[in-house]
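The chain contents come next:
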Amino acid sequence: MGLKEKATTNLQVPIDQDVTVGKRTFKAGTVLNTGLDVPGGSLFPLGLITHLDKGQVRVGITCALCHATVSEETGRILEGAINTDINLGPLIAMASNSAALFRQTDVNPTKIPPGEHTFINNKGETAKLPNQKIMEDEVDAAILSWPPGNFVSNGDLKNNSAQIPSSYTHETFPYAWSGVASIGWFHGLTTLNNAVFGLNADPTTTADASESVLGIDKEVYLGTMLQNASSREYRLPEGAKPSEFFDRVDPTPGEPGINSVIKMPEYPKGTLFMQNGLMANTPGLPVAAQLNGMSAFQNTLAPPPHEAADIDTLQRGATIFQKANCAECHSGRYFTNHKVIPVKEVATQPKRAPASRKFAEEFAPPDTYPPNVPVPLPPNPPVLPVPTDITPQEDIKLAYALSDPHGGYKVQNLIGLYLSAPYLHDGGVAASAESIKQDESGRFMIAKSDELGMAGTLMRGIAPDSEASLRVLVDRNLRAAVVAANQANPDLQRSNIDGSGHEYW
Ligand code: HEC
Ligand code: HEC
């Protein structure tokens, strides 16, 4: 209301009362940069939705929270552009049961001292769940280390945060920073979209795999999530067996997890097509109608035309791009050869690359139901194999860190870079417009060393400038200062961000 219909790319909210979250104290009156965008004339932030469900108002988020932004110039929505400053850390950590997101951090519940809450474990014995307060504090602390624009989407018990990529997806396969989504409908895009709904948005869907993938008893896994559930309906009662309790309160009985999903023919095994063997699908719509619809929609997204430099400058840039061999990898109309480059070659921050290995070790050959099959599935639905030969085997193996334990990163497309600073998968390559200046000889020098890197820009509420950030990406000396600034920041160390590597000066 305070905006009086003006647009903003960063809704600032004063903290109402002193609060300590994850061992950090936020003082009353401190202004929190939420990074939420509000379009001109709107009363609601972009990517937040409300609806009525059984007489209750529910608030949720959509893809647009992270994958759309409001234009500074026009106040209008840019679908597909990254919300580069969305401050997910505090927004999630301030929730009362962030502990439920533990698998997206480095906090392992089996390493937390037991608390008072009793439950029945998978051996049928009465045991104690991890201490609720310690668990919540530890997960909050890990989540608070994620800088704006970054999020951990992989549930492999690592704090391996990655920058939100833009959604200019047409012909830019494989998808995800490590390139794990590369087969099936829309060349892997449908697989990636399903990973958002069927896997990441609902940690309860992987309860059956928690033992094999994370080495955590299924009952500890579910019990840790449910012991302090924010909704009383889902809160685990004292002495209950978590999986039995969950079956009683599950809003989608008969299928795994809370979200509406269908079991693929291989379930409980996953495949290259559906990593956990489940496909998100609303009953009443045929197989993958929504997922494929979203793929088709994202493939229409493109950045608005950019006020480019004069033609001579552009031609000089194109010549250097060729000469410096950038086009060896960034080739073709969308500036990608679709390959995955081993971590030891591209040498960027290594933590995120091997995140999907544990899933792949259990994979079965992929099948699907054809897209005309209704949901709920009829008895004995038809099944088709999903071809895997549209992507070279070597790229698939590397993406899942099977051929090389360190894995790799896919050659990122270079579409709309003017909207997407900071750069690289960890978002570590950043510089403010003022941070570098030309000296008399024309050489760029550091003018403000405290406005370099993620540490000196988004973490201080300063927007990275695309031109300066691209310059520090390709200038050896400037980049060394950027990496040093990031490495000196304890939060960035914890969330594995440094802006190193990709040394194609
Ligand atoms: C909380 C922020 C957030 C939300 C909400 C979100 N995403 Fe993402 N998205 C990310 C991040 C972070 C990645 C990078 C993940 C990685 O590879 O580590 C990503 C990656 C992607 C990619 C891969 C793009 C590429 O070029 O590789 C697609 C496609 C995508 N998301 C689609 C969606 C869709 C569709 C939705 C809504 C159903 C959605 N996302 C919701 C944060 C978000
Ligand atoms: C050997 C292959 C290879 C070469 C050569 C190469 N790149 Fe890249 N590029 C990549 C990969 C892989 C990534 C993603 C790495 C990551 O995020 O960890 C990337 C990322 C980028 C990004 C960041 C995109 C974003 O959205 O964050 C830019 C910009 C870029 N490259 C420009 C260049 C330029 C300019 C050159 C030449 C000077 C070049 N690249 C040479 C493989 C290459």
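All of these numbers come straight from a predicted model, not from anything done at the bench.

*Asks:* Could you give an account of the side chain of Ser145, with specific residues and numbers?
*Replies:* On the secondary structure map, Ser145 appears in the loop between helix 3 (132-144) and strand 11 (150-151). Excluding residues that lie within four positions of it along the chain, Ser145 makes contacts with Arg24, Asn159, Asp491, Arg494 and Ser495.

*Asks:* Describe the packing of helix 4 (residues 189-200) against helix 8 (residues 289-298), and please don't skip the residues or the numbers.
*Replies:* Two elements in contact, helix 4 and helix 8, have axes separated by 9 Å at closest approach and are oriented at 115 degrees. Read as a crossing pair, helix 4 and helix 8 show a hand that is right-handed. For the pair formed by helix 4 and helix 8, the contact residues are Leu189, Thr190, Asn193, Asn194 and Phe197 on the first element and Leu291, Asn292, Met294, Ser295 and Gln298 on the second. When grouped by side-chain class, the residues that make up the contact of helix 4 with helix 8 number 4 nonpolar, 6 polar and no charged.

*Asks:* How would you explain the coordination of the iron atom of ligand 2 if you had to name every residue and give the values?
*Replies:* Around the iron atom of ligand 2, the donor atoms from the protein are His330 (NE2) and His502 (NE2), and they sit 2.0 Å away. Viewed at the metal, the 6 donor atoms of the iron atom of ligand 2 are separated by angles of 88 to 179 degrees, and the geometry they form is octahedral. Separated by 172 residues along the polypeptide, His330 in the loop between helix 9 (311-323) and strand 15 (340-342) and His502 in the segment after helix 16 (490-494) bring together distant segments of the chain.

*Asks:* Give a detailed account of the coordination of the iron atom of ligand 1, specifying residues and quantitative values.
*Replies:* Exactly one protein atom donates to the iron atom of ligand 1; that atom is His67 (NE2), 2.0 Å from the metal. Along the chain, His67 falls in helix 1 (residues 64-67).

*Asks:* An account of the site of ligand 1 is needed here, citing residue identities and associated values.
*Replies:* Around ligand 1, the surrounding shell holds 25 residues, and the nearest of these are Cys63, Cys66, His67, Ala176 and Arg352. A distance of 2.8 Å separates a nitrogen atom of ligand 1 from a polar atom in the side chain of His67. At the level of elements, helix 1, strand 12 (162-163), helix 4 and helix 8 are the ones that each hand at least two residues to the shell around ligand 1. Tallied by class, the residues present in the shell around ligand 1 amount to 16 nonpolar, 7 polar and 2 charged.

*Asks:* A description of the site of ligand 2 should follow, citing residues and the corresponding values.
*Replies:* Cys326, Cys329, His330, His425 and His502 are the nearest of the 22 residues found near ligand 2. Between ligand 2 and the protein, one listed contact pairs an oxygen atom with a side-chain N or O atom of Thr348 at 2.8 Å. Only helix 10 (343-346), strand 18 (408-410) and helix 14 (466-474) provide two or more residues apiece to the shell around ligand 2. Class assignment for the residues of the shell around ligand 2 results in 14 nonpolar, 6 polar and 2 charged.

*Asks:* Could you give me a rundown of the nonpolar core, with the residues and numbers involved?
*Replies:* Grouped together as the largest cluster of nonpolar side chains are 62 residues, with contacts concentrated most on Phe102, Met279, Val287 and Tyr400. Looking at this core, the elements that each hand over two or more residues are helix 3, helix 4, helix 5 (210-214), helix 6 (218-226), helix 7 (242-249), helix 11 (357-360) and helix 12 (393-399). Beyond its immediate stretch of four places on either side in the chain, Met279 contacts Trp185, Asn194, Ser260, Val261, Ile262, Met264, Phe273, Met274, Val287, Ala288, Leu291 and Thr368. In this structure, Ala421, Val429, Ile436 and Ala468 belong to the second largest nonpolar core, which totals 12 residues.

*Asks:* Describe unusual backbone geometry, naming the residues involved and giving the relevant values.
*Replies:* With omega at -5 degrees, the peptide bond leading from Phe173 into Pro174 counts as cis. With respect to the helices and strands, the residue Pro174 is situated in the loop between strand 12 and helix 4. In the segment running from Val375 into Pro376, the intervening peptide bond is cis, with an omega of 0 degrees. By the secondary structure assignment, Pro376 is in the loop between strand 16 (367-368) and strand 17 (384-385).

Conventions adopted
- Residues numbered from 1 in each chain as written.
- Chains lettered and ligands numbered in written order.
- Predicted model: local features only at pLDDT ≥ 70, side-chain atom pairs only at ≥ 80, totals over all residues.
- Heavy atoms only, no water.
- Helix = DSSP H or I, 4+ residues; strand = E, 2+ residues; numbered from the N terminus.
- Contact = heavy atoms within 4.5 Å.
- Axes fitted to C-alpha atoms, helices over the stretch in contact; angles between N-to-C directions.
- Left-handed = near helix turned anticlockwise from the far one by under 90°.
- Nonpolar A, V, L, I, M, F, W, Y, C, P; charged D, E, K, R; others polar.
- Donors = N, O, S within 2.8 Å, 3.2 Å for Na, K, Ca; no water.
- Tetrahedral: all angles 85-135°; square planar, octahedral: opposite > 155°, others 65-115°.
- Near = heavy atom within 4 Å.
- Polar contact = N/O pair within 3.5 Å; in protein donor to acceptor, adjacent residues only side chain to side chain.
- Core = buried A, V, L, I, M, F, W, Y, C linked by side-chain atoms within 4.5 Å.
- Buried < 20%, exposed > 50% of the residue type's maximum accessible area, 1.4 Å probe, protein only.

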